[in-house]
Amino acid sequence: MKNHILEDYIESRNLPIIEKSYHKYLTFESLDEDYTYILKDGIVKQSVLSKYGMEFNLRYVTGLAITSVLNDGFSKNMGEPYNVRIESEKAYFYKVSRSQFLKDIQEDLELQGYVKDFYHNRLQKSMKKMQCMLTNGRIGAVSTQIYELVTLFGNKRHNGDIYIDFIITNEELGKFCGISTASSVSRILKQLKDEHIIRIEKQHIIVTNLEKLQDNIVF
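Each chain carries its own residue numbering, running from 1 in the written order of its sequence. Totals for whole chains, interfaces and linings use every residue, but because this is a predicted model, local features are given only for residues with pLDDT of at least 70 and side-chain atom pairs only at 80 or more, for both listing and counting. Side-chain numbers come from the whole structure's heavy atoms, not from hydrogens or water.

Going by an unreviewed UniProt entry, the chain carries the name Transcriptional regulator, Crp/Fnr family and comes from Streptococcus urinalis 2285-97.

Structure (C-alpha cells):
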C-alpha cells in the first residue's frame, strides 16, 4: 500500500487527533457515526456482533490505516457495521468528517485509487483467512490466527523462536475462530504445545516451530 498518499492527505488537511484508552470503543455497532477515523498509532480490534449478540473478531489493525468503514455519507440509519475497540494502552486517531472525506476522495484520483486498493486488499486478506479457517477445522483456524499474530506482533529470537509481543486471551482467540468456549481453545493450544509448535510464557504465545504451524494452514 502507498501510505504516503494517505500521509500527504492528512498533512494537507491538518486533521485533529483524538485519543482513546485501553478497551474503550471508537465505534460501536448501530450507533450513528458522522466521522471517519484513521489510526495514527496504537492497536485496535475490529469485530461484529451476530443478531444473537455473539461477537466475532475480524482483525487487529496497527500502523497508519483507515479504521472506519465508509458508506454513502448520507444514510442516517446505517451506522457502523462493526465495532472498533482499543487494544493498546492508548491509541490515537485522525478524525475527519465522513462526508468531507468522501468528497475529497471523489475529487482526488490518487486518493481514490488508494482507498479502492485499501479495501480491495483487505477483502482479499479476509477471504484468504476465512478459506484457511474453514478448510482446516478448529486447529487450522487457531493456527491461522496465531500465524496472523506472528505477522503483526512477532519478534524473532536468537534461537529461532518467535515471540508474539501481544497478549491475547483464549476467549478472544476463540472469537477470531468461531469457537464459543475458552476451554475448547485451551485444548487446541495444548495440542499445539504437545506437538512442540508453540509454548506459553507469561501469557505470551511463543512459536517454536513456524513450519509445523504452517502445516496446519492451507495457503
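1. What to know about the sheet that holds strand E11 (residues 198-201)
Any two strands with at least two DSSP-identified bridges between them are counted as paired. Secondary structure elements are taken from DSSP: a helix is a run of H or I of four residues or more, a strand is a run of E of two residues or more, and numbering for both begins at the N terminus. Strand order in the open sheet made by the 4 strands is E9-E10-E12-E11, with antiparallel pairing throughout. The strands lining the two open edges of the sheet, one partner per strand, are strand E9 (154-156) and E11. Neighbour to neighbour, the strand axes of the sheet diverge by 25 degrees on average, direction disregarded. With 3 bridges joining them, E9 and strand E10 (residues 162-164) adopt antiparallel strand pairing. Bridging from a neighbouring strand, Gly 154 pairs with Ile 164 of E10. By definition, residues are in contact when any of their heavy atoms lie within 4.5 Å. Note on geometry: axes are lines fitted to C-alpha atoms, helical ones only across the stretch in contact, with angles between N-to-C directions running from 0 to 180 degrees. Its contacts with the sheet place helix H4 (residues 137-153) against E9, E10 and strand E12 (204-207), and it is angled at close to 90 degrees to E10.

2. Some remarks on the environment of Ser 97
With respect to the element layout, Ser 97 can be found in strand E8 (residues 90-97). For Ser 97 and Arg 138, which are 41 residues apart along the polypeptide, the C-alpha to C-alpha distance reads 41 Å. Non-local contacts of Ser 97, meaning those with residues more than four positions away in its chain, are made with Asp 34 and Tyr 35. N or O atoms closer than or at 3.5 Å make up a polar contact, with two conditions inside protein: a donor-capable atom paired with an acceptor-capable one, and, for residues adjacent in sequence, both atoms drawn from side chains. At 3.1 Å, the side chain of Ser 97 forms a polar contact with the side chain of Ser 99.

3. A look at helix H2 (residues 98-107)
Using a 1.4 Å probe on the protein chains alone, a residue whose accessible area is under 20% of its type maximum counts as buried, one over 50% counts as exposed, and one in between counts as partly exposed. Among all positions of H2, only Arg 98, Phe 101, Leu 102, Asp 104 and Ile 105 are buried. Looking straight down H2, one finds that the buried residues subtend no more than 160 degrees of arc, so they occupy a single side. Of the exposed residues in H2, those oriented more than 90 degrees away from the buried face are Gln 106 and Glu 107. Those residues of H2 that are buried are in contact with helix H1 (3-13), strand E3 (35-41), strand E6 (65-66), E8 and helix H3 (109-135). Our arc is simply the arc of the directions from the helix axis toward the C-beta atoms.

4. As for the packing of H3 against H4
Closest axis-to-axis distance for the H3/H4 pair is 6 Å, and the angle between their directions is 145 degrees. Each of Lys 129, Cys 132, Met 133, Leu 134 and Thr 135 in H3 lies in contact with H4, whose residues at this interface are Gly 137, Ala 141, Thr 144, Gln 145 and Glu 148. Each residue gets one label: Ala, Val, Leu, Ile, Met, Phe, Trp, Tyr, Cys and Pro are nonpolar, Asp, Glu, Lys and Arg are charged, and the others, such as Gly, are polar. The residue inventory of the contact of H3 with H4, partitioned by class, reads 4 nonpolar, 4 polar and 2 charged.

5. What about H3?
Helix span is expected to be 1.5 Å times the residue number reduced by one. Spanning 27 residues, H3 covers 39 Å between terminal C-alpha atoms, matching the ideal 39 Å at 1.5 Å per step. Looking only at H3, the buried set comprises Leu 111, Tyr 114, Val 115, Phe 118, Arg 122, Lys 129, Cys 132 and Met 133. For H3, the capping residue at the N-terminal end is Asp 108, with a side-chain oxygen 3.0 Å from the backbone nitrogen of Glu 110. Downstream of H3 by a residue or two, Gly 137 has a phi angle that is positive, lying close to 70 degrees.

6. Points about the side chain of Thr 144
With respect to the element layout, Thr 144 can be found in helix H4. Judged by relative accessible area, which is 7%, Thr 144 ranks as buried. Polar side-chain contacts of Thr 144 include one of 2.7 Å to the backbone oxygen of Gly 140. Here Thr 144 is in contact with Lys 129, Cys 132, Met 133 and Ile 217, once residues within four sequence places are set aside.

7. Considering a negative patch on the surface
Every patch collects residues that have over 30% relative accessible area and no salt bridge, joining them within 9 Å if they carry like charges and within 5 Å if they are nonpolar side chains (Val, Leu, Ile, Met, Phe, Trp, Tyr). In short, Shrake-Rupley with a 1.4 Å probe defines the accessible areas, and a residue's cover is counted only from the protein chains shown. The term salt bridge refers to a side-chain nitrogen of Lys or Arg lying within 4 Å of a carboxyl oxygen of Asp or Glu. Within this scheme the basic residues Lys and Arg register as positive and the acidic residues Asp and Glu register as negative, but His and the chain ends are omitted. By convention, the point assigned to a charge is CZ for Arg, NZ for Lys, CD for Glu and CG for Asp. Side chains of Glu 7, Asp 8, Glu 11, Asp 108 and Glu 110 sit close together on the surface and give a patch of like negative charge. Counting residues per element, the negative patch draws most heavily on H1, at 3 residues. Locating Glu 7 in the fold gives a position in helix H1. With a relative accessible area of 42%, Glu 7 lands in the partly exposed category.

8. Describing the packing of aromatic side chains
Note on ring pairs: Phe, Tyr and Trp rings are taken, using the six-membered ring of Trp, and paired if centres are within 6.5 Å. Classes follow the plane angle, with under 30 degrees stacked, over 60 edge-to-face and the rest tilted. Enumeration over the complete set of coordinates arrives at 9 aromatic pairs. Ring centres of Tyr 9 and Phe 101 lie 5.3 Å apart, and the angle between their planes is 45 degrees; this geometry places the pair in the tilted category. You can see Tyr 9 sitting in helix H1 and its partner Phe 101 sitting in helix H2, a full 92 residues away along the chain. According to the relative accessible area criterion, Phe 101 is buried, its value standing at 0%.

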